[in-house]
Amino acid sequence: MPATESQPYVPTHPDTAHRIAALNRNDKPFHVVLAQQFDRPAVDQLCQLADMIRSIGGSRQGSQFLQTLLSHRRAMLYFIQPSTRTFLSFTAACQIVGMRYSSVRDRSTSSEVKGESEDDTVRTFSQYFDLIIMRHPLEGFAEHVANMLNEMPRTIPVLNAGSGKDQHPTQALLDIYTLYRSFADPRAPREEPRYTRNVFAGKTIAFVGDLKRGRTVRSLTYLLCRYPGVRLVFVSPPQLRIGDDILDYISRLGIEYEFSDDLRSSIGEYDAIYMTRLQDEHDVAGESKSIDYCAYSLSYEMAKDFKPGLAILHPLPRRNELDQRLDALPQAKYWAQVRNGMWMRSALMASVFNVDVAIRDHYHAYYTF
Ligand code: NCD
């Protein structure tokens with residue numbers, strides 16, 4: 001029976017270890033569906049790889065080298081939920097690593113209108129392409145597709161670019177990358193490995209807004225649990241608190257967290273503030289209309305109380321919860337975050353197709369002095 005938004009796909013194995021085993025190959029993510037698939041070394045190595053791609057891509061020769069890496073591969077971007085940044089950064093990332101791509105962004109153009117099942121649509125993609133990058137309104141559908149493709153004679157990887165209210169693992173990776181870069185000590189020598197030191201220990205990170213339905217927050221929380229000593233504060237209206245499944249996970253890993261419904265009072269304590277918009281497209285009967293979201297907005301007037309080293313992140317799009325006048329402050333990292341997505345997604349695709357070694361070799365041969 002097809003799933004619906006209120007009744008998402010239920011994983012075949014409820015236990016996460018089994019689910020991860022079905023998504024990984026040789027102990028590393030093959031399909032990228034859940035943030036929990038990434039352990040600390042995997043996250044750190046991807047950040048390092050993203051930096052290498054960024055440096056190599058800065059010259060004509062380097063960028064031509066990168067474009068040879070996956071020029072024999074083709075990607076399908078199946079995005080049937082609205083997207084600006086995730087879609088465009090994936091297309092830019094495909095261009096960086098030389099992968100050609102096609103896209104379907106509207107079901108009305110597919111044979112689904114003739115009664116074909118969505119499963120068959122995806123099976124068809126798997127015959128023409130080498131990778132499926134998908135954004136879908138149904139929780140669990142990306143995982144269902146990965147498991148379905150595991151049963152096909154030709155199995156290709158699936159990257160989850162947003163699955164309903166549940167997860168957005170590639171956004172979480174670029175968010176971690178942005179936080180790492182924001183917290184890095186600018187005085188540290190260039191050759192010092194940047195992504196092995198736990199820069200999150202002792203840092204307080206506030207998540208603000210619609211934490212119940214914000215998939216980016218859910219995925220990023222999973223990743224942050226890889227960094228002992230980080231402290232998380234969930235600032236949201238009581239109706240939009242983060243899910244118990246996430247809180248269970250955090251508790252199991254011994255990460256310290258607390259709740260707040262007042263952003264202003266502790267603003268000076270935060271090392272990072274992760275803003276989110278109200279996800280009212282998930283309202284069933286306009287229930288979030290009664291919520292005063294102004295209390296979960298970052299205003300320009302609050303800037304006088306910011307820590308100097310604060311990093312403000314937002315997955316975007318924003319509405320009024322993030323004052324545009326903040327954009328000019330050094331603490332505003334959300335436009336850098338947008339650009340980081342392109343490097344991180346390039347790194348991820350390189351890793352899935354095992355060309356990361358070639359990038360590291362090239363970097364060490366030409367870019368270290
Ligand atoms: C987010 C998403 O789609 O989940 N945007 C993004 O991918 N950068 C956040 C949102 O839509 O609010």
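Remember, it's a predicted structure, so these values are computed and weren't measured experimentally.

Caption draft 1: Highlighting the packing of helix H8 (residues 215-224) against helix H9 (residues 244-252). Between H8 and H9, whose axes approach to 10 Å, the crossing angle comes to 10°. The orientation of H8 with respect to H9, classified from their angle, is roughly parallel. The residues of H9 that touch H8, namely those facing Arg218, Thr221 and Tyr222, are Asp245, Ile246, Tyr249 and Ile250. By residue class, the composition of the contact of H8 with H9 is four nonpolar, one polar and two charged.

Caption draft 2: Representation of the sheet that holds strand E8 (residues 231-235) within the structure. If you trace the five strands from one edge of the open sheet to the other, you get E9-E8-E7-E10-E11, paired in parallel fashion. The sheet terminates laterally at strand E9 (256-260) and strand E11 (311-313), the two strands that pair on one side only. The mean angle between the axes of side-by-side strands here comes to 15°, regardless of whether they run parallel or antiparallel. Pairing of E8 with E9, which is carried by five bridges, proceeds in the parallel orientation. When the sheet's bridge partners are listed, leucine 232 is paired in E9 with tyrosine 257. Lying over the sheet, H9 contacts E8 and E9, oriented at roughly 145° with respect to E9.

Caption draft 3: Structural detail: the pairing of strand E6 (residues 158-163). Along E6, six of the six residues are buried, which leaves the element largely enclosed by surrounding structure. Across four bridges, the pairing between strand E5 (residues 131-136) and E6 is parallel. Looking at the pairing, histidine 136 lines up with serine 163 of E6. This β-α-β element, E5 to helix H6 (residues 141-150) to E6, shows right-handed connectivity.

About the thresholds
- Residues numbered from 1 in each chain as written.
- Predicted model: local features only at pLDDT ≥ 70, side-chain atom pairs only at ≥ 80, totals over all residues.
- Heavy atoms only, no water.
- Axes fitted to C-alpha atoms, helices over the stretch in contact; angles between N-to-C directions.
- Helix = DSSP H or I, 4+ residues; strand = E, 2+ residues; numbered from the N terminus.
- Parallel < 35°, antiparallel > 145°, perpendicular 65-115°, else oblique.
- Contact = heavy atoms within 4.5 Å.
- Nonpolar A, V, L, I, M, F, W, Y, C, P; charged D, E, K, R; others polar.
- Pairing = 2+ DSSP bridges.
- Buried < 20%, exposed > 50% of the residue type's maximum accessible area, 1.4 Å probe, protein only.
- Right-handed = clockwise from strand over helix to strand, strands pointing away.

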